[in-house]
2 protein chains.
Amino acid sequence: MGRIIIVGTGFSGSILARKIAEECNRKVVVIEKRSHIGGNMYDEYDEYGILVQRYGPHFITTNKYSIVEYLEKYAEMIPHDVRLLSFVDGNFVQLPFNFRTLQQLVGAKKSETLLAKLREKFYGRDRVPIFELVESDDAEISKYGNLLFEKAYRTYTAKQWGLQPEEIDKSVLERVPMAMSFDARYINKDFQYLPRDGFTALFKNMLNYPNIELRLNTDALVHICFDDKKHIITYDGEEVELLVFTGNIDELFGLKFGRLPYRSLDICYTYERRKSILPEEIVSYPQALGYTRSTEYKKITYGIDQDIPISMIATEYPLEYDPNNEKANIPYYPVLTEESQRIYAKYLIEAKKYDNIVLCGRLAEYRYYNMDVCIEHALEKFNEIRERLEKKA
Amino acid sequence: MGRIIIVGTGFSGSILARKIAEECNRKVVVIEKRSHIGGNMYDEYDEYGILVQRYGPHFITTNKYSIVEYLEKYAEMIPHDVRLLSFVDGNFVQLPFNFRTLQQLVGAKKSETLLAKLREKFYGRDRVPIFELVESDDAEISKYGNLLFEKAYRTYTAKQWGLQPEEIDKSVLERVPMAMSFDARYINKDFQYLPRDGFTALFKNMLNYPNIELRLNTDALVHICFDDKKHIITYDGEEVELLVFTGNIDELFGLKFGRLPYRSLDICYTYERRKSILPEEIVSYPQALGYTRSTEYKKITYGIDQDIPISMIATEYPLEYDPNNEKANIPYYPVLTEESQRIYAKYLIEAKKYDNIVLCGRLAEYRYYNMDVCIEHALEKFNEIRERLEKKA
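Criteria and thresholds
All residue numbers refer to position in the chain's written sequence, counted from 1. Chain letters and ligand numbers both follow the written order, the letters beginning at A and the numbers at 1. This being a predicted model, a pLDDT of at least 70 is required before a residue's local features are given, and a value of 80 or more before pairs of side-chain atoms are given or counted; all residues contribute to the totals for chains, interfaces and linings. The basis for every side-chain value is the complete set of heavy atoms in the structure, and neither hydrogens nor water enter the calculation. Put simply, DSSP H or I for four residues or longer makes a helix, DSSP E for two residues or longer makes a strand, and each gets a number counted from the N terminus. Just to be clear, the radius of gyration here is over C-alpha atoms, and the globule rule we use is 2.2 Å times residues to the power 0.38. Contacts are assigned to residue pairs that have any heavy atoms within 4.5 Å of one another. The method behind every accessible area is Shrake-Rupley, applied with a 1.4 Å probe, and residues are considered shielded solely by the protein chains displayed. As used throughout, the charge tally considers Lys and Arg to be positive and Asp and Glu to be negative, leaving His and the chain termini uncounted. Where a charge lies is defined by one atom per residue type: Lys uses NZ, Arg uses CZ, Asp uses CG and Glu uses CD. Note that the domain bounds reflect an automated or database-derived domain assignment. For any pair of parts, buried area is found by adding up, for both, the accessible area (1.4 Å probe) each one loses once the two are put together. When a carboxyl oxygen of Asp or Glu is within 4 Å of a side-chain nitrogen of Lys or Arg, the pair counts as a salt bridge. Polar contact is the term for a pair of N or O atoms within 3.5 Å; when the atoms are in protein, one must be able to donate a hydrogen and the other to accept it, and sequence-neighboring residues count only if both atoms are side-chain atoms. When DSSP locates at least two bridges between a pair of strands, those strands are taken to pair. Orientation is described by axes fitted as lines to C-alpha atoms, over the contacting stretch for helices, and by angles from 0 to 180 degrees between their N-to-C directions. Each residue is placed in one exposure class: buried if its accessible area under a 1.4 Å probe, protein chains only, is under 20% of its type's maximum, exposed if it is over 50%, and partly exposed if it falls in between. Centre distance within 6.5 Å is the pairing criterion for rings of Phe, Tyr and Trp, where only the six-membered ring of Trp is used; planes under 30 degrees apart are then read as stacked, over 60 as edge-to-face, and the remainder as tilted. For a Lys NZ or an Arg CZ to count as sitting over a ring, it must be within 6 Å of the ring centre and within 35 degrees of the ring normal. A residue counts toward the fit only if its pLDDT is at least 70 in both copies, and the copies are then superposed by least squares on the C-alpha atoms of those residues.

1. As for the overall build of chain A
- If you tally the helices and strands in chain A, you get 13 helices and 21 strands.
- In terms of C-alpha radius of gyration, chain A reaches 23 Å, essentially the compact-globule figure of 21 Å for 393 residues.
- In terms of overall dimensions, chain A has C-alpha extents of about 70 × 50 × 40 Å along its principal axes.
- Excluding contacts between residues fewer than 6 apart, the proportion of contacts in chain A whose partners are at least 24 apart in sequence is 72%.
- Total accessible area on chain A stands at roughly 17500 Å², and carbon and sulfur atoms take up 49% of it.
- Considering chain A, the positive charge centre built from 53 side chains and the negative charge centre built from 60 side chains are found 1 Å apart.

Structure follows, in structure tokens:
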């Protein structure tokens, strides 16, 4: 038996590390490039005692309570409905677009016939992609769909992806829904939770297990070698039995087929001597220049009534991922275009030459996983890994 | 042409007074027993500058924007979603019962299968009467319906009506719904509005018209006489061409068939040196003794952030209407039982002997009108009245 190496300590890496260590009773070495665990879920307290998620706001939202139950092994989970407003034409409106937003944007009077039409046309449907509205054969619905697209969507998407909307893969476009109701929740998942003491504490508990050796500030790629002929992987010259990789797949293979595009975020912090800055914990700015969203963490992690006379907002400026630009050296979202998918396919074929590489997570699988799906997917991957380890044993 | 007398200055009386005066260009005398206009919508500023609705919280909620438009002639109308929580088993839960309340009451884990069942069974339905849940053939749904009934409904109804639930007319029971969604609005109407400067100001503008003579502090019943033989009505001996009556119909006819039961409310005010008392503008207390609801008016008319260091709650204790008990001498809700309906029918037959009596509104028609329906109904009644007046002219 060789070593088991796990690269990355986001949900994919941490879940697999813990389960292999605990349920297969195998020693694992977990390699983390950054100085901290938790990937982009990492949070820490600032000097005022505000718990800040350093890579933007993250929430556990799922329709499967088993996901929350699993996390409860490692942290106290508390219910927290994600709340978000969008700042459109000088007004704060609810997002996703819903019947209330419609009334705010077209006016109450005009909304009356439009609501009746939407209710009839989309009877029984909870959320409908904006694109279905745009393409509707009803002129009024289509006009409204286009209004949403123009007011709040075209510019937001352009900023988010650094592209024109036409260049974006449709699987991304179809993520933007309108709620066919007055449901004011941002996310229409039944279970919305946060770890009470933050994500970092959760990851710490998950990785705190005798069989797990954690190495922070370590670039795995310096230590990993591929033997192209024997199809063997080594770590510091020692043979690797299993490599679980959760980082950028292009970097694993020395960018040999070119760089995969990811989006990054430059997050700027503004402290103000005010108890409250935004009307809601997250505000989206489709019409602003450069930035897309602001998060007031105090409202997420403490509630608005906390008596600190100071608050802070973290504003996100989307940028192209660039490991050499310190403002954009964190990959967030894979940029799914036809070309990037083609490049990814080449890396995937390369990875498949080695039967002991497991790719897992948003970066390695180059997919836009939400956190709940990411967790569920890692739990499923573990079942494959267990089978493999048991077969070998 | 004789006189046109209108008794009462709630929505029914005020709307008809204004429309007859303005659109038929007829002089009307409006008689109001109380010292103020506006019926149970009456509001006034207290000594701290809080706008208090003296007869409990009222909101304009409707699916027809034309209702709001009509009121906009007399007041600036501002959107305001009614917000209400229910205090059940020591927790504040959303009302009406919805998917979130369900999770709070049965626990997140247990809620998962129940939600799936409800979604399937009531597909496409916005709100479902609790009684449908109770009577469901699915044991789990029925059990949950019974839980809601026991926790939050049986005792509330008993307090509200001073009766056992079995004695209540089913048309009242069916008013209690469960939302089949996470829609957290108390009222599922598309348009929810308040007059910015209060209802009294709205009524003042409505009644402020040259053809309208308003007499406050006047008991119309002292002045009105019925001539049983000629079927003529007089006011101070002068023949009445049209009597629009919006008060208690039993009192109009000297209680000759007995008293109709109404519910009243004793409203107790509690001031506290706190900026905020309740977590929401209205809290319902199904399990408390004696009182049913508290309203924190500051939250309705100013928003929570207003910088008065004081707030007030108005708590409602339902009582049987009794004109001789000063804590219960305001009629609020007709008590619809088979017996009361029988008595009402007798008064109605009596009224029909006179072809110039128009009964309008919750008290005179002995029906549980919501405000939007009451307004719409008065507007319709006006069309009948106009026809009649034009025919005579």
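2. Side note on the domain arrangement of chain A
- Under the domain assignment used here, chain A contains domain 1 (3-80 + 194-261 + 334-392) and domain 2 (95-183).
- Here the C-alpha centroids of domain 1 of chain A and domain 2 of chain A sit 35 Å apart.

3. A word on the interface of chain A and chain B
- In this complex, chain A contributes 22 residues to the contact, which on the side of chain B involves 23 residues.
- Among the residues of chain A in contact with chain B, Glu112, Phe182 and Asp190 of chain A are the three that bury the most area, contributing 27% of the side total.
- Across the pair Asp81 of chain B and Arg100 of chain A runs a salt bridge whose closest N-O atoms are separated by 2.5 Å.
- Summed over the shared surface of chain A and chain B, the result is ten residue pairs in polar contact (both at pLDDT 80 or more).
- Residue assignment for the side of chain A that touches chain B shows that the elements contributing at least two residues are helix H2 (65-71), helix H3 (99-106), helix H4 (108-121) and strand E11 (191-195) of chain A.
- Per element, the largest residue contribution to the side of chain A that touches chain B is six residues, and it comes from H4 of chain A.

4. Points about the sheet that holds strand E11 (residues 191-195) of chain B
All names here are of chain B.
- Read across the open sheet, the three strands follow the order E5-E11-E6; overall the sheet is antiparallel. Of all the strands in the sheet, the pair left with one neighbour each is strand E5 (60-62) and strand E6 (77-79). Going across the sheet, the axis of each strand differs from the next one's by a mean of 35°, ignoring polarity.
- Relative to E11, E5 runs antiparallel, the two sharing three bridges. Residue pairing for E11: Thr61 is matched across the bridge by Gln192.

5. Looking at the pattern of salt bridges
Residues and elements named next belong to chain B.
- If you walk through the whole model with that rule in mind, you get 58 salt bridges over all chains.
- The shortest N-O distance in the salt bridge between Glu140 and Lys117 comes to 2.7 Å. With Glu140 in helix H6 (residues 139-161) and Lys117 in helix H4 (residues 108-121), this residue pair connects regions lying 23 residues apart in the sequence.
- Exposure remark for Glu140: the relative accessible area of 28% places this residue in the partly exposed category.

6. Notes on the pairing of strand E19 (residues 311-320) of chain A
Residue and element names in this part refer to chain A.
- Within E19, seven of the ten residues are buried, which leaves it mostly tucked inside the rest of the structure.
- Bridge analysis of strand E16 (residues 262-272) against E19 gives ten bridges, and the strand direction is antiparallel. Bridging from a neighbouring strand, Ile267 pairs with Glu316 of E19.
- The sheet contact formed by strand E18 (residues 293-295) and E19 spans three bridges and is antiparallel. Looking across to E19, one finds that Thr295 is bridged to Ala314.

7. Considerations on the packing of aromatic side chains
- The full count for this structure, using the stated rule, is 43 aromatic pairs over all chains.
- A ring pair is formed by Tyr123 of chain A and Tyr123 of chain B, whose centres lie 6.4 Å apart and whose planes are at 80°; its orientation type is edge-to-face. Here the residue Tyr123 of chain A occupies a position in the loop between H4 and strand E9 (127-129), and Tyr123 of chain B occupies one in the loop between H4 and strand E9 (127-129), the pair thus bridging two chains.
- Its relative accessible area of 49% is what places Tyr123 of chain A among the partly exposed residues.
- For the pair Phe131 of chain A and Phe149 of chain A, a centre-to-centre distance of 6.2 Å together with 65° between the ring planes defines the contact as edge-to-face. Taken together, the residues span a long stretch of sequence, with Phe131 of chain A in helix H5 (residues 130-134) and Phe149 of chain A in helix H6 (residues 139-161) at a distance of 18 residues. Phe149 of chain A shares its class with Phe131 of chain A; the two are buried.
- Clustering of aromatic rings is evident, with ring pairs tying together Phe87, Phe92, Tyr285, Tyr291 and Tyr317 of chain A.
- Note that Arg54 of chain B overlies the ring of Tyr269 of chain B, its terminal NZ or CZ placed 4.9 Å from the centroid.

8. Thoughts on the relation of the copies chain A and chain B
- Placing chain A over chain B gives an RMSD of 0.1 Å and needs a rotation angle of 180°, together with 0.0 Å of translation along the axis. What we have between these two chains is a two-fold relation.
- Of the interface residues in chain A, 100% have counterparts in chain B that sit at the interface too, so the contact is made through matching surfaces.

9. Looking at the side chain of Lys19 of chain B
- Assignment of secondary structure puts Lys19 of chain B in helix H1 (residues 11-23).
- Excluding its chain neighbours within four sequence positions, the residues that come into contact with Lys19 of chain B are Cys24, Tyr70, Leu379 and Phe382 of chain B.

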